[in-house]
Amino acid sequence: MPHRFQDPNLKETPLPENSKPTHSSGKTFEQLRQECLKKGVQFEDCDFPANEFSLFYSEKPAIPFVWKRPGEIVSNPEFILGGASRTDICQGDLGDCWLLAAIASLTLNEKTLYRVVPPDQDFGKGYAGIFHFQFWQHNEWLDVVIDDRLPTFKGRLVFLHSAELNEFWSALLEKAYAKLNGSYEALKGGSTIEAMEDFTGGVAETYDLKAVPANFYDILRKAIQRGSMLGCSIDITSAAETEAKTPQGLVKGHAYSITGVDEVEYRGKKVWLVRVRNPWGQVEWNGPWSDNAPEWRSVDPSEQKRLTQTAIDDGEFWMQYEDFLRHYHKVEICNLTPDALEEDTSHKWEVMVHQGSWVRGSTAGGCRNFMETFWTNPQIKLHLKEKDDGQKDCTFIAALLQKNRRKLKKVGADLQTIGYAIYESPGKDNQLTKDFFRYNQSKARSKTFINTREISQRFKLPPGEYVLVPSTFEPNQEADFCLRVFSEKKAALEEVEGDININIPDPPKPNPPHKESEEEKQFRQLFEQIAGEDMEISAEELQYVLNAVLQRTKNIKFKEMSVLSCRNIISLMDDTGNGKLGFNEFKIFWDKLKKWIAIYLQYDSDHSGTMSSYELRQALKTAGFQLNNYVLQLIVLRYADDKFQIEFDDFLNCLIRLENACKVFMALNKGNSDAISLNHIEFITLALNI
């Protein structure tokens with residue numbers, strides 16, 4: 001009988017209730033499986049077809065791969081054989097040891113394993129060539145469906161495989177993860193912690209073993225007890241050292257998993273041990289406490305059995321704690337979120353999440369080195385409400401993750417260099433300005449800016465309100481991000497979007513002719529020359545005079561005002577509704593124009609004749625339009641050029657459309673509130689007027 005992946009001692013295997021189907025059909029795994037069973041066919045995944053594009057995006061296969069289902073590879077395929085364990089995982093011809101190390105850690109915790117690898121699937125009754133796995137991505141669980149066609153060469157699996165040739169759960173898990181990230185090639189190179197987080201939704205902490213805290217052994221022990229996932233590695237000094245073997249049997253630049261921490265009685269003393277696994281399934285430590293080391297002869301056989309100490313080359317080995325610290329350089333621990341912890345776990349984190357984006361020319365301001373733009377980055381307010389038990393400060397972990405970068409490899413997108421800084425809030429709800437950052441130092445910040453998927457760090461700060469500013473190192477580097485804050489006690493997180501506040505003072509009414517100043521009399525003469533006999537200015541006449549005047553204005557770059565732009569101006573200023581401007585309407589517009597030119601020159605700080613998209617934010621505020629990030633992003637997309645510069649005619653068009661939009665909104669706002677209700681005709685009228 002085929003072995004079903006279900007532990008009889010497990011009362012119930014809860015799966016994430018909110019896992020989201022991801023198949024392009026919109027159907028769930030069970031719906032797709034039932035369709036195949038009804039038709040008597042085996043599932044073929046149109047989203048991740050059995051071809052070379054699912055394998056590689058930058059190269060051709062070096063050998064002719066053949067996609068085969070497990071039943072075509074062996075006569076008696078099993079999904080899981082004798083229970084899922086870390087020895088089921090052997091690396092193939094793909095540089096994803098980081099992923100395999102994470103899978104090995106996954107098998108150590110039954111609950112987290114069953115969440116990623118749903119237990120109700122096998123090759124027995126109900127088999128339809130379809131399997132599914134669940135991964136965490138950016139604060140939600142995704143259910144990834146695949147068919148079971150796997151790449152082979154000469155009848156053997158090319159990539160991840162089990163030591164048992166008829167066991168396929170690990171190979172299918174790797175395929176699902178490859179689909180999630182776009183291809184098998186996308187899995188080349190990475191950090192174990194990345195996959196650990198995708199398997200648990202947890203948050204990472206990284207320790208430099210050359211400077212570990214005094215209680216680090218206890219940290220390791222408690223992490224294993226809590227079901228946390230742990231990885232370790234040895235640094236390389238050059239690319240040539242990648243996967244180079246040391247005389248002690250360790251591999252540099254290679255991802256290992258930590259699978260156990262224990263202590264033994266040895267010659268009357270307690271010895272601390274750490275168990276490590278090489279995902280290759282072979283090549284092991286050959287120093288003290290290795291498989292055949294003489295130290296084991298002095299350990300009671302019952303102790304050896306308890307520690308599952310065996311002298312076989314399975315890639316797993318024990319090391320003395322001191323040797324572990326001496327030979328390895330880095331340990332990564334994935335702390336589990338409350339929903340991934342066992343019910344009786346005494347300590348649970350409070351978790352808060354914010355999803356955001358760095359948008360070129362708008363909210364991608366770069367790090368503090370770029371003071372002119374740093375303040376335009378997203379600003380997230382952090383409320384630390386309660387002190388830790390018996391402490392004066394609040395402990396929290398801030399983790400900044402850039403989204404989908406592995407999937408975007410195929411279009412040449414690399415990881416951005418990211419980091420963050422934390423400032424004490426001055427107590428205002430408005431966005432902090434450039435001057436605030438110029439004169440105030442951060443209270444805490446990430447250790448460094450680094451091109452990794454996620455950067456996280458533990459902090460202790462007094463209760464209060466803080467503003468966290470996530471950024472890329474350089475300005476105008478685009479990416480979507482997910483910011484998570486894990487706190488010991490209650491806390492809250494919210495973006496400081498900035499209120500939309502429009503403050504356009506009513507223009508002064510022109511003086512009657514008998515009270516006009518000399519300047520006003522000259523302006524009236526100009527108007528009469530332009531307007532002609534009907535004493536009104538049409539869109540074409542306005543176009544002529546604006547282009548003539550603005551082209552002679554110094555220190556601004558200007559293309560040309562179109563007739564359409566001039567019609568928008570008339571729509572804004574025309575109180576009579578005849579499509580033309582009378583003297584008073586033209587005079588009020590001319591005063592606005594002079595004010596807008598002065599603002600443009602004021603915020604063109606480098607006197608280039610153009611305004612940068614970052615300078616635009618303050619210029620609009622001075623003109624009376626305080627806007628939030630979302631509206632500013634739309635404005636930049638519409639009016640800035642590919643170098644994020646805005647010439648005066650675009651600035652003028654932007655102001656006219658904003659003022660027109662406000663005018664129409666106020667006309668439709670019957671109840672003097674922040675919202676209006678429109679019927680079909682009113683919406684079309686509004687759109688045409690703007």
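Conventions used here
Residues numbered from 1 in each chain as written. Predicted model: local features only at pLDDT ≥ 70, side-chain atom pairs only at ≥ 80, totals over all residues. Heavy atoms only, no water. UniProt positions renumbered as here; feature names shortened; annotations may be inferred. Helix = DSSP H or I, 4+ residues; strand = E, 2+ residues; numbered from the N terminus. Buried < 20%, exposed > 50% of the residue type's maximum accessible area, 1.4 Å probe, protein only. Contact = heavy atoms within 4.5 Å. Areas by Shrake-Rupley, 256 points an atom, 1.4 Å probe, with all protein chains shown as cover. 1 Å grid on protein atoms, 1.4 Å probe; cavity = no way out; pocket = protein on both sides within 12 Å on 5 of 7 lines; lining within 4 Å. Points joined across faces, edges and corners; volume = space filled by probe spheres on them. Nonpolar A, V, L, I, M, F, W, Y, C, P; charged D, E, K, R; others polar. Salt bridge = Lys/Arg side-chain N within 4 Å of Asp/Glu carboxyl O. Pairing = 2+ DSSP bridges. Axes fitted to C-alpha atoms, helices over the stretch in contact; angles between N-to-C directions. Parallel < 35°, antiparallel > 145°, perpendicular 65-115°, else oblique. Polar contact = N/O pair within 3.5 Å; in protein donor to acceptor, adjacent residues only side chain to side chain. Core = buried A, V, L, I, M, F, W, Y, C linked by side-chain atoms within 4.5 Å.

The protein chain appears in an unreviewed UniProt entry as Calpain-9 from Pleurodeles waltl. Under the Sequence similarities (unreviewed entry) heading, UniProt states for the protein chain: "Belongs to the peptidase C2 family." On record in UniProt, under Function (unreviewed entry), the comment for the protein chain is "Calcium-regulated non-lysosomal thiol-protease."

**Student:** When you look at the overall build of the protein chain in this model, what are you seeing that I'm missing?
**Tutor:** Secondary structure summary: the protein chain contains 20 helices and 25 strands in total. Seen through its C-alpha atoms, the protein chain measures out along the principal axes to roughly 115 × 65 × 50 Å. Every one of the 690 residues in the protein chain was classed for burial, and the buried ones make up 52%. Taking all contacts inside the protein chain whose residues are at least 6 apart in sequence as the whole, residues at least 24 apart take part in 75%. Surface exposure of the protein chain reaches about 32600 Å², of which carbon and sulfur atoms provide 49%.

**Student:** Help me out: how do you make sense of empty space enclosed by the protein in this one?
**Tutor:** Rolling a probe over the atoms, with the probe sized like a water molecule, indicates the empty space that remains. Following the criterion strictly, the structure yields five cavities of 30 Å³ or more and no others. Estimated volume of the largest cavity: approximately 80 Å³. Around the largest cavity, the lining is made up of 13 residues, and of these Gln137, Asn181, Asn404, Arg405 and Arg453 lie nearest the centre. Of all the secondary-structure elements, those providing two or more residues to the lining of the largest cavity are helix 6 (169-181) and helix 7 (192-200). Here the lining of the largest cavity is composed, by residue class, of one nonpolar, five polar and seven charged.

**Student:** Looking at this structure, I do not really get the pattern of salt bridges. What am I missing?
**Tutor:** Between side chains of opposite charge, a pair can form as their charged atoms come close. Evaluation of the coordinates by the stated rule reveals 33 salt bridges. A salt bridge links Arg149 to Asp147; its shortest N-O distance comes to 2.7 Å. Look at Arg149 and you get buried, because its relative accessible area is 15%. Since its relative accessible area comes to 0%, Asp147 is described here as buried. Note that Glu454 and Arg484 form a salt bridge whose closest N and O atoms lie 3.1 Å from each other. With Glu454 in strand 18 (residues 454-461) and Arg484 in strand 20 (residues 479-487), the pair connects residues that are 30 residues apart, well separated along the chain. Arg484 sits in the buried class, given a relative accessible area of 1%. A single network of salt bridges, built from pairs that share partners, joins Glu197, Asp198, Arg453, Glu454 and Arg484.

**Student:** Sorry, what's going on with the pairing of strand 9 (residues 256-266) here?
**Tutor:** Counting buried positions along strand 9 gives eight out of eleven residues, so the element sits mostly inside the fold. Across two bridges, strand 8 (residues 229-233) lies against strand 9 in antiparallel orientation. Each residue of the ladder has a partner; that of Cys232, found in strand 9, is Tyr256. Note that strand 9 and strand 10 (residues 269-277) share nine bridges and pair antiparallel. Looking across to strand 10, one finds that Glu265 is bridged to Lys270. Where strand 9 folds back on strand 10, the antiparallel hairpin that results is connected by two residues, among which Arg267 adopts a positive phi of roughly 55°.

**Student:** What's the story with unusual backbone geometry in this structure? I'm lost.
**Tutor:** A negative phi angle is the norm for most residues apart from glycine, just as the trans form is the norm for most peptide bonds. For Trp289, which is not glycine, the phi dihedral falls at a positive 70°. Of note, Trp289 is situated in the loop between strand 10 and helix 9 (301-306). A positive phi is found at Asn476, a non-glycine position, where the angle reads about 65°. Its place among the elements puts Asn476 in the loop between strand 19 (464-472) and strand 20.

**Student:** I'm lost on the environment of Pro49 in this one. Help?
**Tutor:** In this fold, Pro49 is placed in the loop between helix 1 (29-39) and helix 2 (52-55). Each C-alpha atom of the pair Pro49 and Asp147 lies 8.7 Å from the other, and the pair is 98 residues apart in sequence. The residues touching Pro49, leaving out its near neighbours within four places in the chain, are Ser54 and Arg149.

**Student:** Just checking my understanding: could you explain helix 15 (residues 563-573) for this structure?
**Tutor:** Residue pairs three or four apart in sequence face the same way in an α-helix, which turns once every 3.6 residues. Among all positions of helix 15, only Ser565, Cys566, Asn568, Ile569, Ile570, Leu572 and Met573 are buried. On its buried face, helix 15 is in contact with helix 14 (539-551), helix 16 (583-603) and helix 19 (648-668).

**Student:** It is not clear to me how the sheet that holds strand 20 should be interpreted in this structure. Could you clarify?
**Tutor:** The pairing of strands in a sheet happens through backbone hydrogen bonds and is either parallel or antiparallel. Pairing within the open sheet is antiparallel, and its four strands lie in the order 13-20-15-18. Strand pairing shows two members of the sheet lacking a second neighbour, strand 13 (350-358) and strand 18, which therefore form its edges. Direction aside, the axes of adjacent strands within the sheet are offset by 20° on average. One ladder, built from nine bridges, connects strand 13 with strand 20; its direction is antiparallel. Each residue of the ladder has a partner; that of Met352, found in strand 20, is Val485.

**Student:** Help me understand the packing of helix 14 against helix 15, please; the structure alone is not making it clear to me.
**Tutor:** Between helix 14 and helix 15, whose axes approach to 8 Å, the crossing angle comes to 110°. One element, helix 14, and the other, helix 15, form an angle in the roughly perpendicular class. For the pair formed by helix 14 and helix 15, the contact residues are Ala539, Glu540, Leu542, Gln543 and Leu546 on the first element and Val563, Cys566, Arg567, Ile569 and Ile570 on the second. Tallied by class, residues from the contact of helix 14 with helix 15 come to seven nonpolar, one polar and two charged.

**Student:** It is not clear to me how the side chain of Thr107 should be interpreted in this structure. Could you clarify?
**Tutor:** For Thr107, the position within the fold is in the loop between helix 4 (97-106) and helix 5 (110-116). Thr107 sits in the buried class, given a relative accessible area of 11%. Of the polar contacts made by the side chain of Thr107, one reaches the backbone oxygen of Ala104; its length is 2.7 Å.

**Student:** What should I look at first to understand the nonpolar core in this one?
**Tutor:** Most often, soluble globular proteins keep nonpolar side chains buried together rather than apart. If you look at the biggest cluster of nonpolar residues, it comprises 54 residues, and the most contacted ones within it are Phe79, Leu99, Phe133, Phe135, Leu172, Tyr184 and Phe199. Sorting the residues of this core by element identifies helix 4, helix 5, strand 3 (130-137), strand 4 (140-147), helix 6 and helix 7 as the ones contributing at least two each. Ranked by the residues each element gives to this core, the list is headed by helix 4, at nine residues. Ignoring sequence-local partners within four residues, the contact set of Leu99 consists of Glu174, Tyr177, Leu187, Ala195 and Phe199.

**Student:** Can you help me understand the layout of surface pockets in this one?
**Tutor:** Estimates place the volume of the second largest pocket at around 1200 Å³. Lining the second largest pocket are 35 residues; nearest its centre among them are Leu658, Glu659, Ala661, Cys662 and Lys663. Sorting the residues of the lining of the second largest pocket by element identifies strand 22 (501-502), helix 15, helix 16, helix 18 (629-639) and helix 19 as the ones contributing at least two each. Top element by residues in the lining of the second largest pocket is helix 19. It accounts for nine residues. Broken down by class, the residue content of the lining of the second largest pocket amounts to 22 nonpolar, four polar and nine charged.

**Student:** When you look at the UniProt feature "active site" (unreviewed entry) in the protein chain in this model, what are you seeing that I'm missing?
**Tutor:** Per the UniProt annotation, the sites labelled "active site" (unreviewed entry) are Cys97, His254 and Asn278. What stands out for the annotated residues spanning 182 residues is how close their C-alpha atoms remain, the widest pair being 8.5 Å apart. Tracing the backbone shows His254 in the loop between strand 8 and strand 9. For Asn278, the location among the structural elements is in the loop between strand 10 and helix 9. Excluding residues within four positions of it along the chain, Asn278 makes contact with Val251, His254, Tyr256, Val283 and Gly315. A polar atom in the side chain of Asn278 sits 3.0 Å from the backbone oxygen of Gln282.

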